[in-house]
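Given next are the chains, with one letter for each unit.
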Amino acid sequence: MAGNGLHRCFPDLNNMFDVNRIEFFEQVETPFYFYDMDLLRSTVEKVAALSAEYGITVHYAVKANVERRILEYISSMGFGADCVSGNEVMHACSCRFPAEKIVFAGVGKSDREIAEAIKAGVGMFNCESLQEIFVVNAMAGRFGKRVNVSIRVNPGVDAHTHRYITTGTYENKFGISDHEFSAAVEMIKRCGNIDFAGLHFHIGSQITDVEEVFALECARANEIVDWFEGQGLKVDNVNLGGGLGVDYEDPDGNPVADFATWFRVVSGGIHRREGRKIHIEPGRSMVAQCASLISRVLFVKTGETKNFLILDAGMNDLIRPALYGAFHKIENISAILRPNLPQSQVYDVVGPVCESSDVWGAGRLLPLSVRGDLMAIRSTGAYGQVMSSRYNLRDFAPAVYSDDMHGAHLRTEYFDNLNN
Ligand SMILES: *Cc1c(COP(=O)(O)O)cnc(C)c1O
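This is a predicted model, so every value here is computed, not measured. (Residues numbered from 1 in each chain as written. Predicted model: local features only at pLDDT ≥ 70, side-chain atom pairs only at ≥ 80, totals over all residues. Heavy atoms only, no water.)

Peer 1: Explanation requested: the site of the ligand in the structure shown.
Peer 2: Lining the immediate surroundings of the ligand are 14 residues, of which Lys 63, Ser 205, Glu 281, Arg 284 and Tyr 383 lie closest. Here Ser 205 contributes a side-chain N or O atom positioned 2.3 Å from an oxygen atom of the ligand. Take Glu 281: an N or O atom from its side chain is 2.5 Å from a nitrogen atom of the ligand. Relative to its free-state accessible area of 380 Å², the ligand is covered by the protein chains to the extent of 94%. In terms of residue class, the shell around the ligand is made up of three nonpolar, six polar and five charged. (Near = heavy atom within 4 Å. Polar contact = N/O pair within 3.5 Å; in protein donor to acceptor, adjacent residues only side chain to side chain. Areas by Shrake-Rupley, 256 points an atom, 1.4 Å probe, with all protein chains shown as cover. Nonpolar A, V, L, I, M, F, W, Y, C, P; charged D, E, K, R; others polar.)

Listed below in structure tokens is the structure:
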């Protein structure tokens, strides 16, 4: 094997996995999600510092990861929450996000969800259709409450120029498009139980072209904000959604997303004035890099043309590769403990689920791997555990937190607790 290849496929010790962690993992039943809480804290602290520096309000998009420990930490840092279901609203409340810092978004809110969110006293509804504004107003009247309503606007940004933008174009289910703006203004003015709060834009996810794409979004947002103000509706809140991308190819090289550029572009891009607040709602970028799905090689299968590594983690634990064709870096972390065996091999790494789409990665160059090796599927903190299922009646992979790994006596304790 070329030295080049070896360099790429052998993990080093300066990343998420040191000898202590790997030895700890050896004693835990796989698969499980490992959360590096130090990385989570440095990421969240970075966002908190930028939020203060630029005066931009941050709501964490709860749908990316709903683990209680993570939410309680994020709420303790003063962030608000962006929720897209009634259960997310209730869960955010129970994880100590103050109700007034919760925004309730989502294209299909049921009557029950609307009623519960009004009773919980959420800070704002983001409405995505005229009919929804009407229903929220009626429901508010029934409970004798006033409700803050922002409308989600479809900025009509061209998907073809930016392939990552998947939600901001005219023809999709999200938001209100410009042919309905006048009707929306009429509707809001007629609704006596709602206070118009502002406009919400969200153009898509995993955007890596930060400078260009968010500048475009801001420019379009400014035009739309000015139009609404021209109609006599004060736009005191401009919410630019989430969407900041993370580096799935090189999680150790870029463990923290480029928040600095994002804040700078948004802050400089949106027209600010007295009394206007700017909001963003990062989901993926807050939590993706802090977790790895830890799995074990069950079997090594040598074929005529291909070698397969069959892992004990499957698409039910992490559906992103099967659902979106998403790339996740795969590492053999047991190989870190045997650096004097530097052979490598190309493998198709697959899961155990009875679906041919249950593939972690085809043609991956990895250290020579054997049954029992621990494998880390990286960058799985966002849209990972939260999208898992019990398909094939497999168990849910539990969460293991780096904070719980102090001292040998804790290891067995931790394992016992996991089994309860
Ligand atoms: C999903 C979502 C987000 C978070 O998006 P990320 O790409 O995970 O940062 C923010 N706002 C809204 C309205 C969303 O639906």
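After that view of the structure, there is still more to cover.
Peer 1: Would you mind showing me how to read helix α9 (residues 210–230) here?
Peer 2: Side chains three or four residues apart in an α-helix point the same way, a direct result of the helix having 3.6 residues per turn. Taking 1.5 Å per residue, 21 residues should reach 30 Å; α9 reaches 30 Å between its end C-alpha atoms and fits that length. Listed in full, the buried residues belonging to α9 are Val 210, Val 213, Phe 214, Glu 217, Cys 218, Arg 220, Ala 221, Asn 222, Ile 224, Val 225 and Phe 228. Those residues of α9 hidden inside the fold are in contact with β6 (147–152), α8 (181–190), β7 (194–200), β8 (237–239) and α10 (259–269). Immediately downstream of α9, the backbone of Gly 232 shows phi near 90 degrees, a positive value. (Helix = DSSP H or I, 4+ residues; strand = E, 2+ residues; numbered from the N terminus. Expected span 1.5 Å × (residues − 1). Buried < 20%, exposed > 50% of the residue type's maximum accessible area, 1.4 Å probe, protein only. Contact = heavy atoms within 4.5 Å.)

Peer 1: What is the right way to look at the confidence of the model for the chain in this model?
Peer 2: Low pLDDT marks stretches whose predicted atomic positions should not be read closely. In the predicted model, the chain carries a mean pLDDT of 91, and 90% of its residues have values of at least 70. The low-confidence segment residues 1–7, where pLDDT is below 50, has six contacts with residues more than four positions distant or belonging to other chains. (pLDDT = per-residue confidence, 0-100.)

Peer 1: I tried to follow the packing of aromatic side chains on my own but got confused; where do I start?
Peer 2: The geometry of an aromatic ring pair comes down to the distance between the two centres and the angle between the two planes. What the rule picks out here adds up to 15 aromatic pairs. A ring pair is formed by Phe 196 and Phe 228, whose centres lie 6.4 Å apart and whose planes are at 10 degrees; its orientation type is stacked. Of this pair, Phe 196 sits in strand β7 while Phe 228 sits in helix α9; the two residues are 32 residues apart in sequence, bridging distant segments of the chain. Note on accessibility: Phe 196 and Phe 228 belong to one class, buried. Above the face of the Phe 104 ring, Lys 109 is positioned so that its terminal group lies 5.4 Å from the ring centre. Over the face of the ring belonging to Phe 143 we find Arg 142, whose NZ or CZ atom lies 5.9 Å from the ring centre. (Phe/Tyr/Trp six-rings, centres within 6.5 Å; stacked < 30°, edge-to-face > 60°. Lys NZ or Arg CZ within 6 Å of the ring centre and 35° of its normal.)

Peer 1: What should I look at first to understand the state of the cysteines in this one?
Peer 2: Two cysteines whose sulfur atoms are joined by a covalent bond form what is called a disulfide. For the structure shown, the criterion picks out zero disulfides. The thiol sulfur of Cys 127 is not disulfide-bonded, and the nearest other cysteine sulfur, from Cys 191, lies at 9.2 Å. (Disulfide = S-S within 2.5 Å.)

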